[in-house]
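Take a look at the letters that make up each chain.
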Amino acid sequence: MKYVASLAAAAAILVTGGVATAQQELSLGYPLAQDSHYGDGAVAFRETLERLSDGKFTVVEHPSSALGGERDMIEGLQIGSVDLVITSSGPLGNFAPEVLVLDLPFLFRDYEHARGVLDGEIGQEMLENMRDQDLVGLAWSENGFRHLTNSQRAVDAPEDLDGLKVRTMENQVHMRAFEAMGAAPTPMAWPEVYTALQQGTVDGQENPIPVIAAAKFWEVQDHVSLTGHVYSPAIVLASPFVIDGLSEEEQGWFYEAAAASAAATRARVEADEARGIELFREHGMDVVTEVDKAPFQEAAAPAWESFIADNGDELIQRIQAFE
Ligand code: EAX
């Protein structure tokens, strides 16, 4: 009922050439500032959808977690209080457990591998299956390979993580991996992270270069280690309340807008990565660029074992076999 009321409030009647068309204003939430890879993705989504639909659908951006944390926004899609979301896949496994495989540390070899799997059969199956969770997966987008930052010391081996309080996303696979690597993982929603780092509630956090830059973590963290311990997908999601009932052509506009969004986000991830290390150093951070990944991978192995015990390894094998 709430949705119907808000839709009615948001809908205006647009009269073009004597034909009355309902115009629909849609909310698009994302966790980062507008000047970020998600912001670039949001602009591309908005411009593409408005162009394809000839203004029938308009999009209002709500950056910087204005509509809540990532988990809150996903719940909002399910009940129809939020229309569109760009989010990391961090909390997504709590809704669609199948995607948890993507969170395994050191699963993806590089960007090409990750993008290929997500845009290919495996990723597309996952998007389709999200319908069962009252979510419409429009396209996989990108956050990037995650790296560790902290306030205490330069980290270049798992031993350096010993006892370090590291904020992780609300994701069981990530928590298990950090525990196995010797850290003390503390799950926390994104909107709380900056303050937790500032106040020393946690010593560190891990995120891709574009997120570290967008959040200006140099203000609260001294050390960065390019551990690249896990690839972090992002996703463009819509509420079934928006998509259901649209014609096939209209639905197609949303998928096309999401594809344009993912492309713009990935391009910005690449640009941010190219200038990230220099930017961090300019802001006084100590950056460990040469990290030997093998010992981290070995230390994180128990996270794989727990995952396989619960879910088997069929999907892992399909992903690893992807060329
Ligand atoms: O989506 O919570 C996180 O660490 C995410 O990577 C961040 O919100 C960007």
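Quantities reported herein were computed from a predicted structural model and do not represent experimental measurements.

1. A closer look at the packing of aromatic side chains
Moving on, step 1. Summed over all chains, the structure comprises 10 aromatic pairs.
Moving on, step 2. Summarising the aromatic geometry, the rings of Tyr-194 and Phe-217 are spaced 6.4 Å apart at their centres and angled 25° between planes, so their arrangement reads as stacked. Here Tyr-194, found in helix H7 (residues 193–199), pairs with Phe-217, found in the loop between helix H8 (209–214) and strand E9 (223–238); they are 23 residues apart in sequence, far enough to count as distant.
Moving on, step 3. A residue is classified by how much of its surface remains accessible, and Tyr-194, at 25% relative accessible area, is partly exposed.
Moving on, step 4. Three or more aromatic residues joined by ring pairs make a cluster, and in this case those are Phe-45, Phe-57, Trp-253 and Phe-254.

2. Some words on the pairing of strand E5 (residues 136–150)
Moving on, step 1. The element E5 is extensively covered by neighbouring structure, given that 15 of its 15 residues are classed as buried.
Moving on, step 2. Here E5 runs beside E9; their pairing, made up of 12 bridges, is antiparallel. Paired with Arg-146 across the two strands is Val-230, which belongs to E9.
Moving on, step 3. As paired strands, E5 and strand E8 (residues 204–208) are joined by five bridges and run antiparallel to one another. When the bridges of E8 are listed, Thr-149 appears paired with Gln-205.

3. Re the pairing of strand E4 (residues 84–88)
A regular strand places its side chains so that they alternate between the two faces of the sheet.
Moving on, step 1. The buried count for E4 comes to five of five residues, which makes it a mostly enclosed element.
Moving on, step 2. Two strands pair when backbone bridges link them, and E4 and E9 are joined in this way by five bridges, in the antiparallel orientation. Its bridge partner lying in E9, Val-85 is registered against Leu-237.

4. Describing the site of the ligand
Moving on, step 1. For the ligand, the full set of nearby residues is Pro-31, Tyr-38, Glu-70, Ser-88, Asn-143, Arg-146, Arg-167, Met-169, Trp-190 and Asn-207.
Moving on, step 2. Arg-146 has a polar side-chain atom sitting 2.9 Å from an oxygen atom of the ligand.
Moving on, step 3. One of the side-chain N or O atoms of Arg-167 is found 2.6 Å from an oxygen atom in the ligand.
Moving on, step 4. Placement of the ligand is best described as lying within the largest cavity.
Moving on, step 5. Taken together, the residues of the shell around the ligand break down into four nonpolar, three polar and three charged.

5. Some thoughts on the confidence of the model for the protein chain
Moving on, step 1. With 93% of its residues at a pLDDT of at least 70, the protein chain reaches an overall mean of 94.
Moving on, step 2. Segment residues 1–20 is flagged for pLDDT under 50; beyond a separation of four residues in sequence, or across chains, it makes 20 contacts in the model.

6. Re the packing of helix H4 (residues 111–119) against helix H10 (residues 248–282)
Moving on, step 1. Taken N-terminus to C-terminus, the directions of H4 and H10 make an angle of 170°; their axes are 13 Å apart at the nearest point. For the element pair H4 / H10, the angle class is roughly antiparallel. In this structure, H4 crosses over H10, and the sense of that crossing is right-handed. Taking contact as the criterion, the partners of Tyr-111, Arg-115 and Asp-119 in H4 are, on H10, Arg-266, Val-269, Glu-270 and Glu-273.
Moving on, step 2. Taken together, the residues that form the contact of H4 with H10 break down as two nonpolar, no polar and five charged.

7. Notes on the nonpolar core
Moving on, step 1. Of all hydrophobic cores here, the largest spans 45 residues; its most connected members are Phe-45, Leu-49, Leu-84, Leu-138, Phe-217, Phe-254 and Phe-280.
Moving on, step 2. For this core, the element with the highest residue contribution is H10, accounting for six residues.
Moving on, step 3. Residues in contact with Phe-254, not counting those within four places in the same chain, are Leu-26, Phe-45, Leu-49, Phe-57, Leu-84, Leu-138, Val-242, Ile-243 and Leu-246.
Moving on, step 4. By size, the runner-up hydrophobic cluster in this structure holds 35 residues, among which are Leu-104, Tyr-111, Ala-114 and Phe-307.

8. Here's the deal with empty space enclosed by the protein
Moving on, step 1. Counting across every chain of the model gives three cavities of 30 Å³ or more.
Moving on, step 2. Put simply, the largest cavity is a space of about 160 Å³.
Moving on, step 3. Along the walls of the largest cavity sit 17 residues, with Glu-70, Ser-88, Arg-167, Met-169 and Trp-190 positioned nearest its centre.
Moving on, step 4. Of all elements in the fold, only helix H3 (70–79) and E5 reach the threshold of two or more residues within the lining of the largest cavity.
Moving on, step 5. For the lining of the largest cavity, the class distribution of residues is nine nonpolar, three polar and five charged.

Rules and cut-offs
Residues numbered from 1 in each chain as written. Predicted model: local features only at pLDDT ≥ 70, side-chain atom pairs only at ≥ 80, totals over all residues. Heavy atoms only, no water. Phe/Tyr/Trp six-rings, centres within 6.5 Å; stacked < 30°, edge-to-face > 60°. Helix = DSSP H or I, 4+ residues; strand = E, 2+ residues; numbered from the N terminus. Buried < 20%, exposed > 50% of the residue type's maximum accessible area, 1.4 Å probe, protein only. Pairing = 2+ DSSP bridges. Near = heavy atom within 4 Å. Polar contact = N/O pair within 3.5 Å; in protein donor to acceptor, adjacent residues only side chain to side chain. 1 Å grid on protein atoms, 1.4 Å probe; cavity = no way out; pocket = protein on both sides within 12 Å on 5 of 7 lines; lining within 4 Å. Sits in = over half its atoms within 2 Å of the grid points. Nonpolar A, V, L, I, M, F, W, Y, C, P; charged D, E, K, R; others polar. pLDDT = per-residue confidence, 0-100. Contact = heavy atoms within 4.5 Å. Axes fitted to C-alpha atoms, helices over the stretch in contact; angles between N-to-C directions. Parallel < 35°, antiparallel > 145°, perpendicular 65-115°, else oblique. Left-handed = near helix turned anticlockwise from the far one by under 90°. Core = buried A, V, L, I, M, F, W, Y, C linked by side-chain atoms within 4.5 Å. Points joined across faces, edges and corners; volume = space filled by probe spheres on them.

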